[in-house]
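# Observations on the model geometry
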Amino acid sequence: MAAAERYDIIVVGGGHAGAEAAHAAARMGARTLLISMSLDALGKMSCNPAIGGIGKGQLVREIDALGGIMGIAADRSGIQFRMLNRSKGPAVWSPRAQNDRMEYAAEVRSLLESTPNLRMRADTVVDLVVEQGRVRGVVTLWGAEFTAGAVILTSGTFLNGQIHVGERRSGGGRMGEGASVGLTAVLQAHGFETGRLKTGTPPRIDGASVDYSSLEEQPGEPHASPFSYLSDGVTENQVSCWLTYTDPAVHGILRTGFDRSPMFAGRIQGRGPRYCPSIEDKIDRFADRDRHQLFLEPEGRRTQEVYVNGFSTSLPEEVQLAALRRVRGLENVHLLRPGYAIEYDYFPPHQLKYSLETKRIAGLFFAGQVNGTTGYEEAAAQGIVAGINAVQFLQGAEPVVFRRSEAYIGVLIDDLVAKGTEEPYRVFTSRAEHRILLRQDNADFRLTERGHALGLAGTERLNRMKARREALVRMREAFSRRSVSPERVNAYLASVGTTPIAEPERLVRLALRPQVDMQALLEAASMSDLSDVRIGSESIARLAEVEIKYEGYLERERDLAERMASLESYRVPGDFDFTGVTALSLEAREKLARIRPDHLGQASRISGVSPADVSILMVLLKGARVSRETPGGDGITD
Ligand SMILES: Cc1cc2nc3c(=O)[nH]c(=O)nc-3n(C[C@H](O)[C@H](O)[C@H](O)COP(=O)(O)OP(=O)(O)OC[C@H]3O[C@@H](n4cnc5c(N)ncnc54)[C@H](O)[C@@H]3O)c2cc1C
């Protein structure tokens, strides 16, 4: 056999986690090899053609702020953009885009191909080379061996994937693509725990066979915000989605297939995503509901293919079709692909450190769906963290860990590592206790300097962030200094239901009123020197308003975050013997020994570890504050 090719980092899998990991590692200077089963499927969206959404949109902005690629690819391939939750507070505003599926994947591939230090190869990794507890490389199905100082596994839904449609089943990682067999057993032999999860996808239909005249149109928002801080706007040529509903007749047809459902018949063992139930699950669990919404989402500009959001199913194909044909607008629908369910192996994430390096094998990192998450954005967020930390590991540098008060990325990874998960995990704004700090509009202020210091975020990104920060300071000063007269503003104030003013009033005082939208107020008052200030596509007046309106909350949250950070400074030594601390409750001892928290903050969030247990640990760890061990040291090759 020829000598193994040597890289610094090997990324296994080119989905959303793998793409972000490979890009980050290569941008940071590591010679990186991305091996994926098919290079035609890089960045492929397995399920709905959309990026972002509640909590997920924030993740995309954070990935972008750090210098990642998901936001750029989503902006370039977006066909419809919206800001979700606009009627609620800015803490939960969440950008979402409908994307052209093929364009998105093409953009990801092109971004990867133009990344220096990154090589790609189509192949399937079947084995890992591990020596003395440290990963040294991979072996592929076609007999090639590659060596590296770190390996990042991002194999998504492919490990021993089984696809189910009614009573039929077949091995596969996604419809039309084979499963990845072998790696699970290799990792089990190294002592890893594995589990089985399940997810599902709806049928795809031919848009030419849909009667749109009877459906409700859902247009995009004009002048919507892009994801990337590098984008100046999004396409104004947006495509509509369409809304229709199931009804009792549709439910009746679906029920005729329940006896052949792989889920109800117990052929699927793995747990599915609680927040993304199949249509059969919905009508079974919510039997009193006589209709469910279905969104018809176009898959792209150059295809008629339509994704039936809300109709995820693994019932027999003929049942899927008959039920769809009872839905308004779909009476003559032609099915392009049936819905299906997929079961796959994952690694319960308590086996990871915060860096996403595995605790069992040094230099081996896991990211994405293999860690029990669901969603492109969750996968990409882990990918960028694993990419960064694989480089840190090789350089013998401190791992990069984001706190819960700093980023949704930190919330996601802390939830996974500290609590583990036994069902597909997705991010929500409600998972973040400091969400007013983690807004989609300030991800660059929170993260870009860090991304730049790591060599990941470029200079343009950094300069844009600085320009926004300076413009924000100037805007806040202008709001404090400048007043507006009653004649210019009272009509607007009356229109939003707040008391008119009798005397000129300073802008900062008006910004404090909950009903007031400063962008609209400045436009109504013809103060265009303030209302027109934008960097990228975002109104700086709006940003200033949020900071002014929520100042009290922001301060309180910052205080809380600092207190939590102090718990995180109590590091737990790797060999700490929890079982020997009899003062701890039995449950706490068991859970702590299993999860092996990195620090007291993590220990405090494990369910079953009480405040009393935390106090005991604090006493024991006081004075023994050890720094994280960094076992890397191979360095980056020239
Ligand atoms: C049927 C289905 C339905 C889904 N439904 C939803 C949903 O409703 N909502 C939602 O948020 N998410 C859903 N998802 C999940 C979403 O697709 C994933 O969360 C996301 O794609 C995970 O990204 P990833 O990078 O971890 O893995 P993937 O996108 O799965 O990518 C894995 C990549 O690794 C490659 N690979 C695997 N094994 C190897 C190997 N041994 N060697 C080389 N390459 C390998 C594969 O070829 C693939 O390119 C669904 C997924 C599927 C398949």
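Residues numbered from 1 in each chain as written. Predicted model: local features only at pLDDT ≥ 70, side-chain atom pairs only at ≥ 80, totals over all residues. Heavy atoms only, no water.

## A look at the site of the ligand
As a matter of local geometry, the ligand sits amid 35 residues, with H16, A17, V125, Q369 and G375 nearest to it. Interatomic distance of 3.5 Å between a backbone N/O atom of T154 and an oxygen atom of the ligand. Note that a nitrogen atom of the ligand is positioned 3.1 Å from one of the backbone N or O atoms of G200. When the ligand is considered free in solution it has 980 Å² of accessible area, and contact with the protein chains removes 97% of it. Looking at the shell around the ligand, the element that brings in the most residues is strand β14 (residues 195–201), giving three residues. (Near = heavy atom within 4 Å. Polar contact = N/O pair within 3.5 Å; in protein donor to acceptor, adjacent residues only side chain to side chain. Areas by Shrake-Rupley, 256 points an atom, 1.4 Å probe, with all protein chains shown as cover. Helix = DSSP H or I, 4+ residues; strand = E, 2+ residues; numbered from the N terminus.)

## Thoughts on the environment of S114
Inspection of the secondary structure puts S114 in the loop between α4 (101–113) and β7 (118–122). The exposed category is assigned to S114, whose relative accessible area is 55%. Residues S114 and H23, spaced 91 residues apart in sequence, show a C-alpha to C-alpha distance of 9.7 Å. A distance of 3.0 Å separates a polar atom in the side chain of S114 from the backbone oxygen of S110. (Buried < 20%, exposed > 50% of the residue type's maximum accessible area, 1.4 Å probe, protein only.)

## Side note on the sheet that holds strand β13 (residues 168–171)
The pairing of strands in a sheet happens through backbone hydrogen bonds and is either parallel or antiparallel. With antiparallel pairing, the four strands of this open sheet are ordered in space as β13-β12-β21-β14. Lying at the two open borders of the sheet, with one neighbouring strand each, are β13 and β14. Looking at each pair of strands side by side, their axes are set apart by 20° on average, direction ignored. (Pairing = 2+ DSSP bridges. Axes fitted to C-alpha atoms, helices over the stretch in contact; angles between N-to-C directions.)

## Re the nonpolar core
General note: in soluble globular proteins, nonpolar side chains tend to be found buried as a group. The biggest cluster of nonpolar side chains holds 107 residues, and the ones touching the most others in it are I9, I10 and I409. No other element matches helix α9 (residues 376–394), which puts 12 residues into this core. Mapping this core onto the domain boundaries places at least three of its residues in each of domain 1 (5–199 + 344–453) and domain 2 (204–339). The residues touching I9, leaving out its near neighbours within four places in the chain, are A25, A30, R31, T32, L33, A148, A150, I152, A390, V391 and L394. Listed in part, the 29 residues of the second largest apolar core include V484, Y492, M518 and L522. (Core = buried A, V, L, I, M, F, W, Y, C linked by side-chain atoms within 4.5 Å. Domains from an automatic or database assignment. Contact = heavy atoms within 4.5 Å.)

## Side note on helix α12 (residues 459–481)
Along its 23 residues, α12 runs 33 Å from first to last C-alpha, staying within 8% of the 33 Å computed at 1.5 Å per residue. When α12 is considered as a whole, its buried residues turn out to be R461, L462, R464, M465, R468, A471, L472, M475, A478 and F479. (Expected span 1.5 Å × (residues − 1).)

## Let's talk about the environment of L472
Looking at the element boundaries, L472 is found in helix α12. Given the relative accessible area of 5%, L472 is considered buried. For the pair L472 and I540, spaced 68 residues apart in the sequence, the C-alpha separation amounts to 6.0 Å.

## Considering the sheet that holds strand β10 (residues 145–147)
Strand order in the open sheet formed by four strands is β1-β10-β9-β8, with mixed pairing between adjacent strands. Both edges of this open sheet fall to β1 (5–6) and β8 (125–131), since each of them pairs with a single strand only. Two elements, β8 and strand β9 (residues 134–140), share six bridges in a ladder whose sense is antiparallel. Residue pairing for β9: D127 is matched across the bridge by V139.

## What about the pairing of β9?
Most of β9 sits inside the fold, with five of its seven residues counted as buried. Hairpin connection from β8 to β9: two residues lie between these consecutive antiparallel strands, with Q132 at a positive phi of about 45°. Linking β9 to β10, which pair antiparallel, is a turn of four residues; within it G143 sits at a positive phi near 85°.

## Here we look at the side chain of E547
You can see E547 is positioned in helix α17 (residues 540–549). The class for E547 is buried, based on a relative accessible area of 17%. In contact with E547, other than residues within four places in its own chain, are R439, L472, R476 and L554.

## Topic: the pairing of strand β21 (residues 340–346)
The side chains of a regular strand alternate between both faces of the sheet. Buried residues dominate β21, accounting for seven of its seven residues. Residues Y340, I342, Y344 and Y346 of β21 are buried on one face, and the alternating residues A341, E343 and D345, pointing to the opposite face, are buried as well. Of the strand pairs in this sheet, strand β12 (residues 162–165) and β21 are connected by three bridges, and their pairing is antiparallel. Across the sheet, residue I163 finds its bridge partner in β21, namely I342. In this structure, β14 lies alongside β21, joined through seven bridges in antiparallel fashion. Counterpart to L197 in the pairing with β21 is Y344.

## So, the domain arrangement of the chain
One widely used convention gives an interface's size as the accessible area the parts lose upon coming together. Assigned domains of the chain: these are domain 1 (5–199 + 344–453), domain 2 (204–339), domain 3 (459–549) and domain 4 (563–621). Placing a centre on the C-alpha atoms of domain 1 and another on those of domain 3 gives a separation of 39 Å. Every contact between the two is made by 18 residues of domain 1 and, on the other side, 12 residues of domain 3. Between domain 1 and domain 3, the buried area comes to about 1300 Å², and carbon and sulfur atoms account for 57% of it. Per-residue buried area on domain 1 facing domain 3 is highest for F445, E449 and H452; these three make up 41% of the total on that side. Linking domain 1 with domain 3 are four salt bridges. Across the pair D64 and R461 runs a salt bridge, and its minimum N-O distance is 2.7 Å. If you look at where domain 1 meets domain 3, you find five residue pairs in polar contact (both at pLDDT 80 or more). (Buried area = accessible area lost by both parts, 1.4 Å probe. Salt bridge = Lys/Arg side-chain N within 4 Å of Asp/Glu carboxyl O.)

## A closer look at the pattern of salt bridges
Opposite charge on two side chains lets them pair, provided their charged atoms get close. Overall, the coordinates contain 45 salt bridges when judged by the stated rule. Among the salt bridges present, the one from E538 reaches R61, with a minimum N-O distance of 3.3 Å. On the criterion of sequence distance, the pair formed by E538 in strand β26 (residues 538–539) and R61 in helix α2 (residues 56–66) is long-range, its members being 477 residues apart. In terms of burial, E538 and R61 fall into one category: buried.

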